[in-house]
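# A look at the structure
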Amino acid sequence: MSDRNFTDILAEKQAQVTELIKACLPKEEGKQRILFEAMNYSVLAGGKRLRPMLILETYRFLGGAPEREQDIVVPFMAAMEMIHSYSLVHDDLPAMDNDMYRRGKLTTHAAYGHAVGILAGDGLLNYAYETALHAGAKSLEECQRIYEALRVLSEKAGAYGMVGGQTVDVIGTGKNFTEEELLFIYKLKTGALLEASMMLGAILAGAPNETVSSMEAIASDVGLAFQIQDDILDVTSTVEVLGKAVFSDEKNKKTTYVSLFGIEEAKKMVESLTERALIRLSDSGNDSADGEFLKNLLLSLVHRTK
């Protein structure tokens, strides 16, 4: 698959995933219409749809049944994007990073006000689980897979996952983190949802536990590489290219991998983690077109300019 072909295919898949997610969003009606508008704005304001795409592509990579994608995979794809979006809405709030722009557009609190911004995040988090619970099983085995997928999603998104990492990050603002503390934050804050995405794809495809664990390890390495790349872009990119504020880590006095080790060492770490992830993916033994696309998708997460 050439870079040109991958770029074209990726754009097509992103558009398809966006439409699948859009179909799962609430209708903008009723007395709480402003809430639904803000929720939908938050999800549809851009983004690469990487996490839901990882669910789908991992499912396909591991031989999931195509005819079951709509019933059991799409609800989790939408739920994942809602959870990711809510985390960004809250991350941008004045009490957190106080960012006014994301993906080149006003952040939700900047567009709708602080109170509605908070409620939109709350709404998306709860609506995510409502959506995931729409997954329809046609057998006891699928019921068990859906239950396990819900367990993983809840754990990786909560206090032992993304929210836990975000908490340690926030309370440590202005503190000089050690490498160990920083990697703990990155693994939970950024890596947890990526891990969940690949794990959900594997679980819903009916993969054995060892394979689910392997997907988790791959996503863990990619998630860490993704966050370190984010640190690099924060000091090397521009608002126009990145679509959000640059030098925000420095402004908020946050320790990053770049501030600890410098840009060159950070770049080496990104390459090392990416190489290890791709070796693990190759060891799964699937060299199909689905495998090639998943490999390139993982590479696109870390070899990016925005």
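Chains are numbered independently. Their residues run from 1 in the order of the written sequence. Where totals are concerned, whole chains, interfaces and linings use all residues; where local detail is concerned, this predicted model gives features only for residues with pLDDT of at least 70, and gives and counts side-chain atom pairs only at 80 or more. The basis for every side-chain value is the complete set of heavy atoms in the structure, and neither hydrogens nor water enter the calculation.

Moving on, we get to a nonpolar patch on the surface. Here a patch means residues that are over 30% exposed by relative accessible area and free of salt bridges, tied together within 9 Å if like-charged and within 5 Å if nonpolar (Val, Leu, Ile, Met, Phe, Trp, Tyr). With residues, only the protein chains shown are counted as cover, and all accessible areas are computed by Shrake-Rupley using a 1.4 Å probe. We count a salt bridge whenever a side-chain nitrogen from Lys or Arg sits within 4 Å of a carboxyl oxygen from Asp or Glu. A cluster of nonpolar side chains, contributed by Met100, Tyr101 and Leu106, occupies part of the molecular surface with about 280 Å² of accessible area. Helix and strand definitions here come from DSSP, where helices need a minimum of 4 consecutive H or I residues and strands a minimum of 2 consecutive E residues; each element is numbered from the N-terminal end. Here methionine 100 lies in the loop between helix H4 (69-91) and strand E1 (101-102).

What follows deals with the packing of helix H8 (residues 162-171) against helix H9 (residues 179-204). Interaxial angle, 0 to 180 degrees, is taken between N-to-C directions of lines fitted to C-alpha atoms, where a helix line uses only the stretch in contact. Viewed as axis vectors pointing N to C, H8 and H9 meet at an angle of 145°, and their least axial separation amounts to 7 Å. The way H8 lies across H9 gives a crossing that is left-handed. Taken together, the residues of H9 that come into contact with H8 (itself represented by Met162, Gly164, Gly165, Gln166, Val168 and Asp169) are Phe184, Ile185, Leu188, Lys189, Ala192 and Leu193. Here the residues of the contact of H8 with H9 are counted per class, giving 7 nonpolar, 3 polar and 2 charged. A clockwise turn of the near helix away from the far one marks a right-handed crossing, whereas an anticlockwise turn of less than a right angle marks a left-handed crossing. Contact criterion: two residues are considered in contact whenever any of their non-hydrogen atoms come within 4.5 Å of each other. All amino acids are sorted into three groups, where Ala, Val, Leu, Ile, Met, Phe, Trp, Tyr, Cys and Pro are nonpolar, Asp, Glu, Lys and Arg are charged, and the leftover types, Gly among them, are polar.

Moving on: the packing of aromatic side chains. Between rings of Phe, Tyr and Trp, where Trp is taken as its six-membered ring, a pair exists when centres lie within 6.5 Å; planes separated by under 30 degrees are stacked, by over 60 edge-to-face, and by other angles tilted. Applying the stated rule across the entire model yields 3 aromatic pairs. The interplanar angle of 45° and the centroid separation of 4.7 Å between the aromatic rings of tyrosine 257 and phenylalanine 261 together place this pair among those described as tilted. Here tyrosine 257 and its partner phenylalanine 261 are both found in helix H13 (residues 257-261), 4 residues apart, which amounts to about one turn of the helix. Any residue under 20% of the maximum accessible area for its type is buried, any over 50% is exposed, and the rest in between are partly exposed; the area is computed with a 1.4 Å probe on protein chains only. For tyrosine 257, a relative accessible area of 4% translates into the label buried. Its relative accessible area of 35% is what places phenylalanine 261 among the partly exposed residues. Here, a charge over a ring means that NZ of Lys or CZ of Arg falls within 6 Å of the ring centre while also lying within 35 degrees of the ring normal. The cationic tip of lysine 13 hangs over the ring face of phenylalanine 293; the distance from NZ or CZ to the ring centre is 4.8 Å. Note that arginine 51 overlies the ring of phenylalanine 226, its terminal NZ or CZ placed 5.9 Å from the centroid.

This part takes up helix H6 (residues 114-132). In a helix, the anticipated span is given by 1.5 Å times the number of residues less one. Given a rise of 1.5 Å per residue, 19 residues ought to cover 27 Å, and the 27 Å separating the end C-alpha atoms of H6 matches this to within 8%. In this structure, the buried residues of H6 make contact with helix H2 (33-44), H4, helix H5 (108-112) and helix H7 (140-157).

A word on the state of the cysteines. By convention in this document, the label disulfide applies to cysteine sulfur atom pairs within 2.5 Å. Evaluated as defined, the whole model comprises 0 disulfides. The structure places no disulfide on cysteine 24, whose sulfur is separated from the nearest cysteine sulfur, that of cysteine 143, by 19 Å. Residue classification places cysteine 143 among the partly exposed positions, given a relative accessible area of 42%.

Moving on to the pattern of salt bridges. According to the stated counting rule, one finds 19 salt bridges in the structure shown. Across the salt bridge formed by glutamate 69 and arginine 60, the nearest N and O atoms sit 2.9 Å from each other. With a relative accessible area of 13%, glutamate 69 lands in the buried category. Its salt-bridge partner being aspartate 221, residue arginine 280 comes within 2.8 Å of it at the nearest N-O pair. With a gap of 59 residues between them, arginine 280 in helix H14 (residues 263-282) and aspartate 221 in helix H10 (residues 209-236) connect regions that are remote in the sequence. With relative accessibility at 30%, the residue arginine 280 sits in the partly exposed group. Residue classification places aspartate 221 among the buried positions, given a relative accessible area of 4%. A network of salt bridges, in which partner residues are shared, links Lys13, Glu57, Arg60 and Glu69.

So, about unusual backbone geometry. In this structure, arginine 49 is a non-glycine residue whose phi angle is positive, near 60°. Topologically, arginine 49 is positioned in the loop between H2 and helix H3 (50-61). Judged by its relative accessible area of 4%, arginine 49 falls in the buried class. A positive phi angle is found at asparagine 98, which is not glycine, with a value near 55°. Its location among the elements puts asparagine 98 in the loop between H4 and E1.

Where H2 meets H6, the axes come as close as 9 Å, and the angle between the chain directions of the two elements is 75°. The angle between H2 and H6 places the two elements in the roughly perpendicular class. Residues Ile34, Leu35, Ala38, Met39, Ser42 and Val43 of H2 form the contact with H6, whose own contacting residues are Val116, Leu119, Ala120, Gly123, Leu124 and Tyr127. For the contact of H2 with H6, the residue count by class is 10 nonpolar, 2 polar and no charged. Working rule for angles: under 35 degrees goes down as roughly parallel, over 145 as roughly antiparallel, 65 to 115 as roughly perpendicular, anything else as oblique.

This part covers the confidence of the model for the chain. Keep in mind that low pLDDT regions are not for reading the predicted coordinates in detail. A residue's pLDDT is simply how confident the predictor is in it, with values from 0 to 100. When pLDDT is averaged along the chain, the result is 91, and 91% of the positions lie at 70 or above. Below pLDDT 50 for its whole length, residues 238-242 participates in 11 contacts with residues either more than four positions away or in separate chains.

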